[in-house]
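For reference, the chains in residue letters:
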Amino acid sequence: MAIQLQNVTYIYMEGSVLSQAAVSDIRLEIQEGDFLGMIGHTGSGKSTLVQLMGGLLQPTGGRVLVDGLDLGDKKQRKAARPRVGLVFQYPEYQLFEETVAKDVAYGPHNLGLAPEEVEARVRRAMELVGLPYDRFGEKSPFALSGGEKRRAALAGVIAMEPRYLILDEPMAGLDPMGRKAILETIAGLRQETGCAVVMVSHSMEDVAQYAQRIAVLHQGRLVKAGAPGEIFQEEALLRSLGLELPVPCRLAAALRARGMDVPPVYTEEALAAFLLERGKHV
Amino acid sequence: MITLDHVSYQYDRQDAALNDVSLSIADGELVAIVGHNGSGKSTLAKHLNALLLPYAGKVLVDGLDTSDPENTLAIRQKVGMVFQNPDNQLVTTIVEEDVAFGPENLGIPSGEIRRRVDEALAAVGMEAFAKKAPHMLSGGQKQRVAIAGMLAMNPQVLVLDEATAMLDPQGRRDVLEIVGRLHKKGITVIMITQHMSEAALCDRIIVLSGGHMVLDGPPRSVFAQEDILRKAGLDLPPVVRMGALLNAGGMSLPLCLDVEELAEAIWQYSCKM
């Protein structure tokens, strides 16, 4: 079971003088339970790819398969939709109901589930994002703080119980604690339900910390995909694409430049563990 | 010089958004105002050019009281604001017209406007885009045009209200570089931000929490107050956090603000062992 991108190309305004390839010949697979971080500049094709995986755009070349269902085919697409949850940038702008509980229930209700099942899902989802039903269920979504609104919007997607959760910059505009709450929620959801996560982010630190695999996009092409250790070793490549390395990588490089033999590490914990251990033996 | 004297503000029927805040910002300072969502930092920013008027207390800009409507125009010419969403700030269909919009409304002669527009676009590195349509620009480029529009007004103070929040890393670097240049030229810059690594670049950091000012000082002294920052819903910038992690493990490193400084401190420390 997986999302498979098979040589996917998408051209905006195909056939016109303004036609432009947003993504070209992408081959990528997201296995069940994966945590894939997607990084790249504005205009690298990340958001187009998100829409292709959610079936909102149809590829102009190649195929997108979700658990074997071809999103290019209308019937199969309909069957695949509930398996993929999309969270767009600033999802709180899409909150619209009178109460948080109603807003979270909107998706599952439309799936045609029984009312008891809808309510059970709403309760679970709200619990997961840290907005307990009994305290927040009857509140207006518009009375929530920025971070809470974001979590309410996330709960609406989680309540659909997708097998694949795809998030486009889910932490943008949030304060540090809000960012952390969202990241922990996503990681917790994955652990609890086993769903796969695809997260587009500009924060190298967050991607380094949470992703199992990283895909690097540039000008619509997949430049490299691999484990964080592999990706962050490609210092020169990332720099040439205008991407900043996470602080622990840069610190490790600065120490190597001074003659210290630092292994490839990309998280704060790993670098600290190495340096502290080294201190004991010297 | 901007002075807030016991300023409080509250939106309709809500808790105080600003609660008895007093501070002053001298000419030429580069200041970051940080705080969690809802801490009052944007409310404070809007007090700096009379977009909001204090409920209690006083805001003085070069001695002009913002509560006096007679002063509003003079204050707005002194203090320019750039907001978060680049799409909400550009009003015309051509970049240079947008930059000229402010000075035109001041009734400045056209030759002088031309000069100001050219200078302002050069200051943000957007000369080549003078005749382009704003909607064809990236978010970072739009923000640079919005800054140019403010510069064309010849302000003494530039307030950036989370102006980098919606930008990608490149756009953010570009805006920060411009901020550095303007600061060197003597313009007072006040950055409202949630990015602690941006705050680390400023001379002074003011921390708000729940409408109160909880810290005010240079980055090194503010980041040394980890407990207060955490209570205020904030985090240390990654480099400082890394140093703190090593110190918690038994090293004794000074507080470092950038990667090179921290690498050197770790290197010195390990040489002494």
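Refer to the preceding data block for the structure.
Read on for a plain summary of the structure. (Residues numbered from 1 in each chain as written. Chains lettered and ligands numbered in written order. Predicted model: local features only at pLDDT ≥ 70, side-chain atom pairs only at ≥ 80, totals over all residues. Heavy atoms only, no water.)

## Comments concerning the overall build of chain B
Here comes step 1: Scanning chain B from N- to C-terminus turns up 11 helices and 10 strands.
Here comes step 2: Scaling as 2.2 N^0.38, a compact globule of 273 residues should have a C-alpha radius of gyration of about 19 Å, and chain B matches this with 20 Å.
Here comes step 3: Oriented by its inertia axes, the alpha-carbon framework of chain B measures out at about 70 × 45 × 30 Å.
Here comes step 4: Out of the 273 residues belonging to chain B, those deemed buried represent 53%.
Here comes step 5: Restricting to contacts in chain B with at least 6 residues of sequence separation, those with at least 24 account for 61%.
Here comes step 6: Carbon and sulfur atoms provide 52% of the accessible area of chain B, an area that totals close to 11,900 Å².
Here comes step 7: Each charge class in chain B can be summarised by its mean position, and for the 24 positive and 34 negative side chains these summaries are 3 Å apart. (Helix = DSSP H or I, 4+ residues; strand = E, 2+ residues; numbered from the N terminus. Rg over C-alpha atoms; globule rule 2.2 N^0.38 Å. Buried < 20%, exposed > 50% of the residue type's maximum accessible area, 1.4 Å probe, protein only. Contact = heavy atoms within 4.5 Å. Areas by Shrake-Rupley, 256 points an atom, 1.4 Å probe, with all protein chains shown as cover. Lys, Arg positive; Asp, Glu negative; His and termini not counted. Charge placed at Lys NZ, Arg CZ, Asp CG, Glu CD.)

## Notes on the packing of helix α11 (residues 247-257) of chain A against helix α11 (residues 259-272) of chain B
Here comes step 1: Between α11(A) and α11(B), whose axes approach to 9 Å, the crossing angle comes to 50°. For the element pair α11(A) / α11(B), the angle class is oblique. Every pair of crossing elements has a handedness; the one defined by α11(A) and α11(B) is right-handed. Contacts between α11(A) and α11(B) involve A:Val247, A:Arg250, A:Leu251, A:Ala254 and A:Leu255 on the former and, on the latter, B:Val259, B:Glu260, B:Leu262, B:Ala263, B:Ile266 and B:Trp267. (Axes fitted to C-alpha atoms, helices over the stretch in contact; angles between N-to-C directions. Parallel < 35°, antiparallel > 145°, perpendicular 65-115°, else oblique. Left-handed = near helix turned anticlockwise from the far one by under 90°.)

## Digging into the state of the cysteines
Residues and elements named next belong to chain B.
Here comes step 1: Here the structure, examined in full by the defined rule, presents zero disulfides over all chains.
Here comes step 2: Unpaired in this structure, Cys-202 has its nearest cysteine sulfur neighbour in Cys-256, at a distance of 19 Å.
Here comes step 3: Judged by its relative accessible area of 4%, Cys-202 is buried. (Disulfide = S-S within 2.5 Å.)

## Focus on the nonpolar core
Here comes step 1: Core analysis: the biggest nonpolar cluster contains 50 residues, and B:Ile147, B:Leu160, B:Val207, B:Phe223 and B:Leu229 have the highest contact counts within it.
Here comes step 2: Apart from residues lying up to four places away in sequence, B:Leu160 is in contact with B:Val82, B:Ile147, B:Val179, B:Val189, B:Ile190, B:Met191 and B:Ile192.
Here comes step 3: Residues A:Leu95, A:Ala155, A:Val216 and A:Ile231 belong to the second largest nonpolar core, which totals 49 residues. (Core = buried A, V, L, I, M, F, W, Y, C linked by side-chain atoms within 4.5 Å.)

## Quick look at the sheet that holds strand β6 (residues 84-87) of chain A
Residues and elements named next belong to chain A.
Here comes step 1: Taken in spatial order, the six strands of this open sheet run β6-β7-β8-β3-β9-β10, and their pairing is mixed. The open sheet has two edge strands with one neighbour each: β6 and β10 (221-226). Taken pair by pair, the neighbouring strands of this sheet meet at an average axis angle of 15°, ignoring direction.
Here comes step 2: This element, helix α6 (residues 146-158), spans β6 and β7 (164-168) of the sheet and lies at about 165° to β6.
Here comes step 3: Each of β3 (35-39), β7 and β8 (196-200) touches helix α7 (residues 176-193); the most contacted strand, β8, lies at about 155° to it. (Pairing = 2+ DSSP bridges.)

## Overview of the interface of chain B and chain A
Here comes step 1: Each partner contributes to the interface: chain B provides 32 residues, whereas chain A provides 29 residues.
Here comes step 2: A buried area of about 2,800 Å², summed over both sides, lies between chain B and chain A, and 65% of it is on carbon and sulfur atoms.
Here comes step 3: If you look at where chain B meets chain A, you find four salt bridges.
Here comes step 4: Between B:Arg173 and A:Glu244 there is a salt bridge, with the nearest N and O atoms lying 3.2 Å from each other.
Here comes step 5: Along the contact surface separating chain B from chain A lie seven residue pairs in polar contact (both at pLDDT 80 or more).
Here comes step 6: Within the residue set of the side of chain B that touches chain A, elements represented by two or more residues are α6 (169-184), α10 (238-248) and α11 of chain B.
Here comes step 7: Looking at the side of chain B that touches chain A element by element, the count peaks at eight residues for α11(B).
Here comes step 8: Here the side of chain B that touches chain A is built from residues that sort into 17 nonpolar, eight polar and seven charged. (Buried area = accessible area lost by both parts, 1.4 Å probe. Salt bridge = Lys/Arg side-chain N within 4 Å of Asp/Glu carboxyl O. Polar contact = N/O pair within 3.5 Å; in protein donor to acceptor, adjacent residues only side chain to side chain. Nonpolar A, V, L, I, M, F, W, Y, C, P; charged D, E, K, R; others polar.)

## So, the pattern of salt bridges
Here comes step 1: According to the stated counting rule, one finds 39 salt bridges over all chains in the structure shown.
Here comes step 2: One salt bridge in this structure joins A:Arg163 and A:Glu32, with 2.8 Å as the shortest N-O distance. With A:Arg163 in the loop between α6 and β7 and A:Glu32 in the loop between β2 (20-31) and β3, this residue pair connects regions lying 131 residues apart in the sequence.
Here comes step 3: Using a relative accessible area of 28% as the deciding quantity, one classes A:Arg163 as partly exposed.
Here comes step 4: For A:Glu32, a relative accessible area of 37% corresponds to the partly exposed category.
Here comes step 5: Within the structure, one salt-bridge network assembled from shared partners comprises A:Glu268, B:Glu226, B:Arg230, B:Asp235 and B:Arg241.

## What about unusual backbone geometry?
Here comes step 1: The phi dihedral of A:Glu169 falls on the positive side, at around 50°, and the residue is not glycine.
Here comes step 2: Looking at the element boundaries, A:Glu169 is found in the loop between β7 and α7.
Here comes step 3: For A:Glu169, a relative accessible area of 10% gives the class buried.
Here comes step 4: You will see that B:Asn154, though not glycine, has its phi angle at about 50°, which is positive.
Here comes step 5: On the secondary structure map, B:Asn154 appears in the loop between α5 (139-151) and β7 (157-161).

## Looking at the packing of aromatic side chains
All names here are of chain A.
Here comes step 1: All chains considered together, the criterion is met by five aromatic pairs over all chains.
Here comes step 2: Ring geometry for Tyr-90 and Tyr-93: centres 5.6 Å apart, planes at 15°, overall stacked.
Here comes step 3: Each ring, one from Phe-232 and one from Tyr-266, has its centre 6.0 Å from the other, and the planes form 35°; the classification is tilted. Note that Phe-232 is positioned in helix α9 (residues 228-233) and Tyr-266 in the loop between α11 and α12 (268-281), a separation of 34 residues in sequence.
Here comes step 4: For Tyr-266, a relative accessible area of 25% corresponds to the partly exposed category.
Here comes step 5: The ring of Tyr-133 carries the charged tip of Arg-123 above its face, separated from the ring centre by 4.0 Å.
Here comes step 6: Here the basic side chain of Arg-150 rests over the ring of Tyr-90, its NZ or CZ set 5.3 Å away from the ring centre. (Phe/Tyr/Trp six-rings, centres within 6.5 Å; stacked < 30°, edge-to-face > 60°. Lys NZ or Arg CZ within 6 Å of the ring centre and 35° of its normal.)

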